[in-house]
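# Summary of structural features
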Amino acid sequence: MNFIYRKKYTCWICLEESDGLFSFAWTRHECGCSLQVHNKCLVRWLFATNLRVWNECGTSDFYRIRSLPELKRRLCYVVDGHRNFQSEVNLAETVQGIPAVGQTWAAFLCILEMAVRVLLRIPPSEPQTDLWRGLPIESVACPQCKKSITKGRLYWHTSSLGLHAYSIYRSVSTYAATFALFWFLYSNPWKQWFKVGLYLLRQVFPESILQQILDVSTTRALDVYTDSMNGIECVPARQRFLILGFPLYLAGLLSPSLPLGYMQQIYPWTLVTACRNSKVVLRVLSMELFIASLYSKVAPALGRSLKKKLLSVRPYFNSPKDFTEHRTFTEELLRTTWLDCITDVTLLFRMSSFISNNVLQSIPIITRLILKLDPTVSPNECICVQNLLAIGIVCCGREVGRFFLAYRRSRELQQLQRIVEDDEI
Ligand SMILES: [Zn+2]
Ligand SMILES: [Zn+2]
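Along each chain, residues carry numbers from 1 onward, in the same order as the chain's sequence is written. Chains carry letters from A onward and ligands carry numbers from 1 onward, assigned in written order. Where totals are concerned, whole chains, interfaces and linings use all residues; where local detail is concerned, this predicted model gives features only for residues with pLDDT of at least 70, and gives and counts side-chain atom pairs only at 80 or more. Side-chain measures here rest on the full set of heavy atoms in the structure, leaving out hydrogens and waters.

## Focus: the coordination of the zinc ion (ligand 2)
The textbook angles at a metal center are 109.5 degrees for a tetrahedron of four donors and 90 or 180 degrees for an octahedron of six. Coordination here is defined by N, O and S atoms within 2.8 Å of the metal (3.2 Å for Na, K and Ca), and since water is not considered, a site can look incomplete. Every protein donor of the zinc ion (ligand 2) is accounted for by Cys31 (SG), Cys33 (SG), Cys142 (SG) and Cys145 (SG), and the metal-donor separations fall at 2.2 to 2.3 Å. With 4 donor atoms in place around the zinc ion (ligand 2) and angles of 105 to 112° between them, the coordination shape is tetrahedral. Counting along the primary sequence, the residues that act as donors to the zinc ion (ligand 2) give the motif C-x1-C-x108-C-x2-C. Here Cys31, found in the loop between strand 3 (26-28) and strand 4 (36-38), pairs with Cys142, found in the loop between helix 4 (102-120) and helix 5 (161-186); they are 111 residues apart in sequence, far enough to count as distant. Neither Cys31 nor Cys142 differs from the other in exposure class; each is buried. Under this scheme a four-donor centre is tetrahedral when all angles range from 85 to 135 degrees, a four-donor centre is square planar and a six-donor centre octahedral when opposite donors are above 155 degrees with the rest from 65 to 115, and any other centre is irregular. By the criteria applied, helices consist of DSSP H or I runs no shorter than four residues and strands consist of E runs no shorter than two, each listed in order from the N terminus. To sort residues, take the accessible area from a 1.4 Å probe on protein chains only and compare it with the maximum for the residue type: under 20% means buried, over 50% means exposed, and anything in between is partly exposed.

## Notes on the coordination of the zinc ion (ligand 1)
Protein coordination of the zinc ion (ligand 1) is provided by Cys11 (SG), Cys14 (SG), His38 (ND1) and Cys41 (SG), with donor distances spanning 2.1 to 2.3 Å. One can describe the donor arrangement at the zinc ion (ligand 1) as tetrahedral, given that its 4 donor atoms subtend angles of 99 to 118° at the metal. Between the donor residues of the zinc ion (ligand 1), the gaps in sequence give the motif C-x2-C-x23-H-x2-C. The exposure class assigned to His38 is buried, which follows from its relative accessible area of 6%.

## Quick notes on the packing of aromatic side chains
For Phe, Tyr and Trp, where Trp contributes only its six-membered ring, two rings pair if their centres lie within 6.5 Å, and the inter-plane angle classes them as stacked under 30 degrees, edge-to-face over 60, or tilted in between. Summed over all chains, the structure comprises 10 aromatic pairs. For the pair Phe246 and Tyr267, a centre-to-centre distance of 6.2 Å together with 35° between the ring planes defines the contact as tilted. Separated by 21 residues along the polypeptide, Phe246 in helix 10 (residues 237-254) and Tyr267 in helix 11 (residues 263-274) bring together distant segments of the chain. Just as Phe246 is buried, Tyr267 falls in that class too. Aromatic side chains Phe329 and Phe403 sit 5.7 Å apart centroid to centroid with 55° between the ring planes, which places their arrangement in the tilted category. Taken together, the positions of Phe329 in helix 13 (residues 329-333) and Phe403 in helix 16 (residues 379-421) put the pair 74 residues apart, joining distant regions of the chain. You can call Phe329 buried: its relative accessible area is 1%. The partly exposed category is assigned to Phe403, whose relative accessible area is 34%. Connected via pairs of aromatic rings, a cluster forms that spans Phe241, Phe246, Tyr249 and Tyr267. Only Lys NZ and Arg CZ are tested; either one counts as a charge over a ring when it is within 6 Å of the ring centre and within 35 degrees of the ring normal. Over the aromatic face of Tyr77 sits the side chain of Arg83, whose NZ or CZ is 4.4 Å from the ring centroid.

And the structure:
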């Protein structure tokens, strides 16, 4: 909601006066009247109005509000400013918004998504809840001019800048990933996948090491192969697996809920054995992969126990019948979908190459440590180790950041659900 600067303002609902500075706790009337109201009072007012309508007229077939807890859940959904944190992939909905061609594309995408789910064995998305149906009354009328107080949707959130930034990132990410996916499908997907895999491998491994990994005299030859469909088929199976599997493996690291099966275990060890000629790269890579696989084993149990400790309210978006015990704390509050993985992987590589080139290279201790591991290290191996370290650092940073965001989000949900649960009005 908008913050306002006033010396003295009075809430027209609870009549409380305040003389503060900027405040996220207040709403300015967008109808033009010079009135102020607390955000939380507005949410309660909306609840009271809907409760009155519900008590007097019951519910219609469209809204299907059968109980008071359901009415409360709907209200939380309607006013939740960060409800996109929970949204399932819903690529079709994003595309539907594009004028003229959106509807046709959306239908095409629905079929495509079903095909991808079947191929990659992604379980069907959770049964739809009725939350999207909303409430019969979703805006509050101004007491003076009787127009709606806000021009758009009435929404509530805390003043956390981190959550705000993440919300913007998520919206941008959905659109960016949608366009990337369209480009991918428009050109030959198989060929593009190969190109992306090769590009990502080049970001981590300098040419001479990549030649050892893929067992070729020059990787330029692979670029020529990608120009034709038959060319890719000429690439030996092991090389193809290493190149095509790399993006998938990374996506699996970022979103453990992606069901990649044995691929997640086979890929890293294939990569490690491919690096056997370079002692130092082999050591650092196997150490990182060991930590990653250990973390993926420990994280779910840790996440579930954190959820029990930190999440004192049941999030409104989990329907009472849902069985969501298996989700970890961060996954429950910030859901990553396979669409998010596209932007996350891109961002991960941008950031880690920045850190590797600008930060790690200028720290002499790192070079000294690498020399201690192997005194005969070549400059290319040194760069490779720095890249690997940078990726490790960015992944750790991402986990910490996500935990912090999930924690803030849990506090936000607690506040919102308390406002609605409060029966003082
Ligand atoms: Zn108030
Ligand atoms: Zn007004």
